[in-house]
Amino acid sequence: MLEAIRQIIQAFDVTSRRLMSDFGVTSTQLNCLAAIEEEPDSTAREVADRIHVGTSTLVGVIDRLEEKDLITRRRDSADRRRVLLRSTAAGQELLDRAPSPLGDMLHREFRRLPEEEQRSLADAVGRVADLVSSSDS
């Protein structure tokens, strides 16, 4: 089981390195950009929830995307405390050129499995995630 988890982590690392080399973004940055493009004017908290990363991690990701002119931040005119995120034309163009993140491919292939096998795998991976999470506390 640990070897399988290492293989999954390595596949994500290889994908992220390839994205950085070819497109100048990591897979987390690309996932963040895609989430912003899907739901323009989202807050950092909303994006963090959608891509399953902590808000503190996402702030750095957003900073880097903004530095690369891939997203913009602006204050909500109705509630100045809220900062809204939107992709730029350069961000949209990058999304058009960049390959789908490994997670998209995994999701597509997972959906091809018989329903019973999907449930069984989801239960097993969920249980592993619970075990790992409980060791953090």
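Because the structure is predicted, anything quoted here is derived from the model rather than measured.

Caption draft 1: A look at the environment of Leu85. Secondary-structure assignment places Leu85 in strand β2 (residues 83–87). Residues Leu85 and Ala44, 41 residues apart in the sequence, show an inter-C-alpha distance of 7.4 Å. With residues up to four places along the chain from it excluded, the contact list for Leu85 reads Ile36, Pro40, Asp41, Ser42, Thr43, Ala44, Val47, Ile62, Ile71, Thr72 and Arg73.

Caption draft 2: Quick peek at the nonpolar core. In terms of nonpolar packing, the biggest core is built from 19 residues, with Cys32, Val47, Leu58, Leu65 and Ile71 touching the most fellow members. Mapped onto this core, the elements with two or more residues apiece are α2 (27–38), α3 (44–51) and α4 (55–67). If one sorts the elements of this core by residue count, α2 sits on top with five residues. Those residues within four positions of Val47 in sequence are excluded, and the remaining contacts are Cys32, Ala35, Ile36, Ser42, Leu58 and Leu85.

Parameters and conventions
- Residues numbered from 1 in each chain as written.
- Predicted model: local features only at pLDDT ≥ 70, side-chain atom pairs only at ≥ 80, totals over all residues.
- Heavy atoms only, no water.
- Helix = DSSP H or I, 4+ residues; strand = E, 2+ residues; numbered from the N terminus.
- Contact = heavy atoms within 4.5 Å.
- Core = buried A, V, L, I, M, F, W, Y, C linked by side-chain atoms within 4.5 Å.
- Buried < 20%, exposed > 50% of the residue type's maximum accessible area, 1.4 Å probe, protein only.

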